[in-house]
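Observations on the three-dimensional arrangement
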Amino acid sequence: MPKYIFITGGVLSSLGKGIAAASIGALLEAGGLKVTIQKLDPYINVDPGTLSPFQHGEVFVTDDGAETDLDLGHYERFTHMRTSQANNFTTGRIYYNVISKERRGDYLGETVQVIPHITDEIRQAIKSVSNDNDVVIVEIGGTIGDIESLPFLEAIRQMRYDVGRENVLYVHLTLLPYIKTSGELKTKPTQHSVREIRAIGIQPDLLLCRTDRNLTPEAKKKIAIHCNLDGDAVINAIDVDTIYEVPLALNSEGLDSQIVKKLSLPSKSSDLRAWKEIVRKIKEPKNDVSIAIVGKYVGLKDSYKSLTEALIHGGIANDCRVNLQWIDSEEVEAHDAEKYLSEADGILVPGGFGYRGIEGKIESVRYAREKKIPYFGICLGMQCAVIEFARNVCGLKANSSEFDLSTQAPVIYLMEKWFDFRKGRTEERTESTQKGGTMRLGAYPCVIGENSLAYTAYAQKEISERHRHRYEFNNAYRETLTGKGLLISGTSPDGELVEIVELRDHPWFLGCQFHPEFKSRPTEPHPLFRAFIGAALHEKRSLFSYPDDGPNDQ
């Protein structure tokens, strides 16, 4: 039987429950255990796929095509697990399942209630990811005291009766604010938060205290007494310079050994050498480059969470600090690219939806192409590269039909019929099809042509990458564009869906229809990000005549 660790949060949101869950997973994995992590979100949306990036941040996509919470990205980056639809449940999805069962008559005339029907559905969802894992880590979204979180808290309270008290551990994350005027850390918010969760019937076994400074032994003792805990169960979750330092910080506090002891886990000492080297390369790199990210959600960096982390991973692979320059594409559109991009060693245009800021992205592509600056276009960034090439190299009045239905040259369009290699069937869609039914979501195969940047990066001909998009490269223009120098280096196995485009007469210029950032890890940087940062570093050295001594120049 697997062990279950439930992580809750108090005082305020955004304390870092996702990072805490991921770090615990990393520590237990480093001790030889097999883990999986699940996120339970209290909002009523069935999934975050239709939420604005400004409200909810990035939508993380799994191999099986689920649109999920961004915390699942942290889980994958910190561990070796690959998440799926089963790793993210919302209130909306739970209620949707229960109501569907009620309509089918599954409850045989019972009065359907929050307890037991909703809580039973939540417990079933938790158990659905247990499989052959040693430990199941479950993060509860929201904050103790939120009314919408109560069914989830009741469900995890009941879990100890389902699987046995010895197989359940409750970890509560809370804040200890430092008050400058009095010069001390205040424990009262933590005391109240623990009192709140105990009133629900859950006694935390471990307390993670978020602070910006070290807790004194006296402070730990005071918290332990007021929260009904042993002194060593109070863990100082201190602020660190990089999120990849969190496992090391928690290990130094003895968190993993506490978990192993309390759950009687057969774990050995955690081997954290890889994490120490990752942190070294982030904090003390040998090189640095500046990468301009030209997007339209730059006001909320969490909109590009996996992207920024993948760029950091590319830096790790090249022992290089990646300095990010966030550029609003609407500003480029209103002024000019030179003003914003002249200091960049590399330019990246990420994914997105809608026409706003598109011309600024296209202008950024033109600047990168003409100035020979390494360029990486992801999803919409690839499509912008195709539009720019069609306009300025091929002389077409080109656009995407997403932005202009009457464009003379729809080089990007809504493909109405194609073979779906993931589902194993032919798919059809039109402009009138519901938006949710027109997305290409999840992992799809791609065949890479040799003698290309993509093949050099991947060092293999067949790959699988995750998608989240609606529009495709229009094959009616394939001959025109390739005739002028555009290289199509990656396609679906049948050659119909264009996945990767490149330019040969450029130091490094690549656009991909998929989202490689979703599969990058600090321990396993994605090949394309490794290559992009390597190219940016190489071009910077060439420009400034730096010695070429980097470990992974591309």
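For the structure itself, consult the block above.
**Re the overall build of the chain**
Looking only at helices and strands, the chain features 19 helices and 25 strands. Whereas a compact globule of 554 residues would reach a radius of gyration of roughly 24 Å, the chain reaches 25 Å, a difference of no more than 12%. Dimensions of the chain, computed from C-alpha atoms along their principal axes, come out at roughly 75 × 65 × 45 Å. Per-residue burial for the chain yields a buried fraction of 58% across its 554 residues. The contacts in the chain between residues at least 6 apart in sequence include a share of 71% that link residues at least 24 apart. Accessible surface, the chain: about 22500 Å² in total, of which carbon and sulfur atoms supply 48%. Averaged over its 66 positive side-chain charges, the chain has a centre that lies 3 Å from the centre of its 77 negative ones.

**Here we look at a nonpolar patch on the surface**
Judged by side-chain polarity, Tyr95, Ile99, Val114 and Ile115 come together as a nonpolar surface patch covering roughly 340 Å² of accessible area. Inspection of the secondary structure assignment puts tyrosine 95 in helix H4 (residues 91–104). Residue classification places tyrosine 95 among the partly exposed residues on the basis of a relative accessible area of 32%.

**Overview of the pairing of strand E10 (residues 206–211)**
Among the six residues in E10, five count as buried, and that is most of the element. For strand E7 (residues 168–175) and E10, the ladder comprises five bridges, and the chain directions are parallel. Residue pairing across strands places valine 171 opposite leucine 206, the latter belonging to E10. In the sheet, E10 pairs with strand E11 (residues 234–238) via five bridges, with the strands oriented parallel. Each bridged residue has a counterpart across the sheet, and for leucine 207 the counterpart in E11 is valine 234. As for the winding sense of the linkage, the β-α-β connection from E10 through helix H8 (residues 217–226) to E11 is right-handed.

**Overview of the packing of helix H1 (residues 17–30) against helix H3 (residues 71–78)**
Direction vectors running N to C along H1 and H3 enclose 20°, while the axes themselves pass 8 Å from each other. Looking at the two axes, H1 sits roughly parallel to H3. Handedness of the crossing formed by H1 with H3: right-handed. Of H3, the residues touching H1 (which contributes Gly18, Ile19, Ala21, Ala22, Ser23 and Ala26) are Asp71, His74, Tyr75 and Phe78.

**Concerning helix H12 (residues 305–317)**
With 13 residues, H12 should reach 18 Å at 1.5 Å per residue; the first-to-last C-alpha distance of 19 Å fits that figure. With respect to burial, H12 is a largely interior element, twelve of its 13 residues being buried. Every buried residue of H12 is accounted for by Lys305, Ser306, Leu307, Thr308, Glu309, Ala310, Leu311, His313, Gly314, Gly315, Ile316 and Ala317. Of the residues one or two after H12, aspartate 319 is the one with positive phi, at around 50°.

**Considering the pattern of salt bridges**
Counted under the stated rule, the structure contains 38 salt bridges. The salt bridge involving lysine 283 is made with aspartate 241; its shortest N-O contact spans 3.3 Å. Of the two residues, lysine 283 sits in helix H11 (residues 273–283) while aspartate 241 sits in the loop between E11 and helix H9 (246–252), which places them 42 residues apart along the sequence. Residue class for aspartate 241 comes out exposed when judged on its relative accessible area of 66%.

**Digging into the side chain of glutamine 191**
Locating glutamine 191 in the fold gives a position in helix H7 (residues 188–200). Judged by relative accessible area, glutamine 191 falls into the buried class, the value being 5%. A polar contact of 3.5 Å, which involves the side chain of glutamine 191, links it to the side chain of histidine 226. Once residues lying within four places of it in the same chain are set aside, the contact partners of glutamine 191 are Lys222, His226 and Cys227.

**Some words on the environment of arginine 123**
Mapped onto the secondary structure, arginine 123 falls in helix H5 (residues 114–127). By relative accessible area, which is 15% here, arginine 123 ends up buried. It is 41 Å that separates the C-alpha atoms of arginine 123 and valine 349, two residues lying 226 residues apart in sequence. Here arginine 123 is in contact with Ala155, Gln158, Met159 and Asp162, once residues within four sequence places are set aside.

**Quick word on empty space enclosed by the protein**
Considering all chains together, one arrives at six cavities of 30 Å³ or more under this definition. Counted as a void, the largest cavity has a volume near 60 Å³. As for the largest cavity, its lining consists of Gly352, Phe353, Cys379, Leu380, Gln383, Glu402, His469, Arg470 and Tyr471.

**Some words on unusual backbone geometry**
In this chain, isoleucine 115 is followed by proline 116 through a cis amide linkage whose omega measures 20°. Non-glycine residue asparagine 131 carries a positive phi angle of around 40°. Within the element layout of this structure, asparagine 131 appears in the loop between H5 and strand E6 (135–140). On the basis of relative accessibility, which here comes to 63%, the residue asparagine 131 falls in the exposed class.

**Considering the nonpolar core**
The tendency in soluble globular proteins is for nonpolar side chains to be buried side by side. In this structure, Ile5, Leu28 and Ile259 are the most contacted members of the largest nonpolar core, which totals 61 residues. Take this core: its biggest share by element is nine residues, from H1. Ignoring sequence-local partners within four residues, the contact set of isoleucine 5 consists of Ile24, Leu28, Val135, Val136, Ile137, Val138, Leu169, Val171, Ile259 and Leu263.

**Points about the sheet that holds strand E12 (residues 287–295)**
The strand order E13-E12-E14-E15-E25-E24-E23-E20-E21 describes an open sheet built from nine strands, whose pairing is mixed. Each end of this open sheet is capped by a strand with a single partner; those strands are strand E13 (320–328) and strand E21 (462–469). Each neighbouring strand pair of the sheet contributes to a mean axis angle of 25°, computed without reference to strand direction. Pairing between E12 and strand E14 (residues 346–349): three bridges, direction parallel. Bridged to isoleucine 293 within E14 is leucine 348. Running at roughly 150° to E13, H12 makes contact with E12, E13, E14 and strand E15 (375–378) of the sheet.

**Quick word on the sheet that holds strand E5 (residues 88–90)**
Strand order in the open sheet formed by seven strands is E5-E2-E6-E1-E7-E10-E11, and the pairing between neighbours is parallel. Looking at the sheet topology across the chains shown, the edges are occupied by E5 and E11. Each strand of the sheet is rotated relative to its neighbour by a mean of 20°, with strand direction disregarded. As defined by bridge partners, strand E2 (residues 35–41) adjoins E6 across six bridges and the pair is classed as parallel. For isoleucine 37, the partnering residue across the bridge sits in E6 and is isoleucine 137. On top of the sheet, H4 reaches E2 and E5; it is set at about 75° to E5, its chief contact. The strands touched by H8 within the sheet are E10 and E11, with E11 carrying the most contacts at an inclination of about 125°.

Cut-offs and rules
- Residues numbered from 1 in each chain as written.
- Predicted model: local features only at pLDDT ≥ 70, side-chain atom pairs only at ≥ 80, totals over all residues.
- Heavy atoms only, no water.
- Helix = DSSP H or I, 4+ residues; strand = E, 2+ residues; numbered from the N terminus.
- Rg over C-alpha atoms; globule rule 2.2 N^0.38 Å.
- Buried < 20%, exposed > 50% of the residue type's maximum accessible area, 1.4 Å probe, protein only.
- Contact = heavy atoms within 4.5 Å.
- Areas by Shrake-Rupley, 256 points an atom, 1.4 Å probe, with all protein chains shown as cover.
- Lys, Arg positive; Asp, Glu negative; His and termini not counted.
- Charge placed at Lys NZ, Arg CZ, Asp CG, Glu CD.
- Patch = residues over 30% accessible without salt bridge, like charges linked within 9 Å, V, L, I, M, F, W, Y side chains within 5 Å.
- Salt bridge = Lys/Arg side-chain N within 4 Å of Asp/Glu carboxyl O.
- Pairing = 2+ DSSP bridges.
- Right-handed = clockwise from strand over helix to strand, strands pointing away.
- Axes fitted to C-alpha atoms, helices over the stretch in contact; angles between N-to-C directions.
- Parallel < 35°, antiparallel > 145°, perpendicular 65-115°, else oblique.
- Left-handed = near helix turned anticlockwise from the far one by under 90°.
- Expected span 1.5 Å × (residues − 1).
- Polar contact = N/O pair within 3.5 Å; in protein donor to acceptor, adjacent residues only side chain to side chain.
- 1 Å grid on protein atoms, 1.4 Å probe; cavity = no way out; pocket = protein on both sides within 12 Å on 5 of 7 lines; lining within 4 Å.
- Points joined across faces, edges and corners; volume = space filled by probe spheres on them.
- Core = buried A, V, L, I, M, F, W, Y, C linked by side-chain atoms within 4.5 Å.

Function cannot be inferred from these measures alone, as they are strictly geometric.
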